[in-house]
Amino acid sequence: MTRSCTSCHAGRVRRDDGTTQLLFGSPNTELNLHLFIGRLTALLKARLGESKDSPAYVDFRKLIAETLESKSPQWYWGADSKLVSKEEAAREVKTVKANLDAVLCHDAPNE
């Protein structure tokens, strides 16, 4: 749904044994994130309309909001995640909920 610092600042390397290791703080060399976000924004606006009042947008926003409400915050990162604490996961989901229109490219974020 949204990007975090690791979108740009985490790299991956394949080890000799075939496993993949994440390197936090390293550059992401696999994805042009700015191009991806630009195209995603254009797609959302084209499919959901230019206005928060368009029926397609209202329906999609409702689906996303209901999904956020129906899952525990740990669902997004995994209950046993060593990377994100339960408190941090809850804070992330709360932030997305509060700024859902901005996440969906239709409004400025809440202050």
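Every chain's residues receive numbers from 1 upward, in the order its sequence appears when written. Per-residue local features of the predicted model are confined to residues with pLDDT of at least 70, and side-chain atom pairs are confined, for both listing and counting, to 80 or more; whole-chain, interface and lining totals are unaffected and use all residues. No hydrogens and no water enter the side-chain calculation; it runs on all heavy atoms of the structure.

Give me the pattern of salt bridges: which residues, what numbers.
Where charged atoms from two side chains of opposite charge approach closely, those side chains can pair. Put simply, a salt bridge is a Lys or Arg side-chain nitrogen that is within 4 Å of an Asp or Glu carboxyl oxygen. Enumeration over the complete set of coordinates arrives at 5 salt bridges. One salt bridge in this structure joins glutamate 30 and arginine 12, with 2.8 Å as the shortest N-O distance. In this pair, glutamate 30 sits in the loop between β2 (20–24) and α2 (33–48) while arginine 12 sits in strand β1 (residues 10–14), placing the two residues 18 residues apart along the sequence. Burial classes: relative accessible area under 20% of the type maximum marks a residue as buried, over 50% as exposed, and values in between as partly exposed (1.4 Å probe, protein chains only). Using a relative accessible area of 48% as the deciding quantity, one classes arginine 12 as partly exposed. Across the pair glutamate 69 and lysine 97 runs a salt bridge, and its minimum N-O distance is 3.1 Å. Of this pair, glutamate 69 sits in helix α3 (residues 55–70) while lysine 97 sits in helix α5 (residues 86–98), and the two are 28 residues apart along the sequence. Working definition: helices are DSSP H or I runs of at least four residues, strands are E runs of at least two. Numbering for both runs from the N terminus.

Which residues make up α2, and what values go with them?
Residue pairs spaced three or four apart in an α-helix point in one direction, given the helix's 3.6 residues per turn. To estimate how far a helix should reach, multiply one less than its number of residues by 1.5 Å. For α2, which comprises 16 residues, the first-to-last C-alpha distance of 22 Å matches the rise-based estimate of 22 Å (1.5 Å per residue) to within 8%. Listed in full, the buried residues belonging to α2 are Leu33, Leu44 and Leu48. Projection of α2 onto a plane perpendicular to its axis shows the buried side chains occupying an angular sector of 10 degrees, all on one side. Residues of α2 that are exposed and point more than 90 degrees away from the buried face comprise His34, Arg39 and Ala46. Regarding the arc, it is the one traced by the directions from the helix axis to the C-beta atoms.

So what about the side chain of aspartate 101? Which residues, and what values?
Along the chain, the position of aspartate 101 falls in helix α6 (residues 100–103). A polar side-chain atom of aspartate 101 sits 2.8 Å from a polar atom in the side chain of arginine 61. N or O atoms within 3.5 Å of each other form a polar contact, as long as, within protein, one can give a hydrogen and the other can take it, and as long as residues adjacent in sequence are counted only when both atoms are side-chain atoms.

Give me the environment of phenylalanine 24: which residues, what numbers.
With respect to the element layout, phenylalanine 24 can be found in strand β2. C-alpha of phenylalanine 24 to C-alpha of cysteine 5: the two residues are 19 residues apart in sequence and 9.5 Å apart in space. What makes two residues a contact is simply this: any of their non-hydrogen atoms within 4.5 Å. Setting aside its immediate chain neighbours within four residues, phenylalanine 24 contacts Thr6, His9, Ala10 and Leu83.

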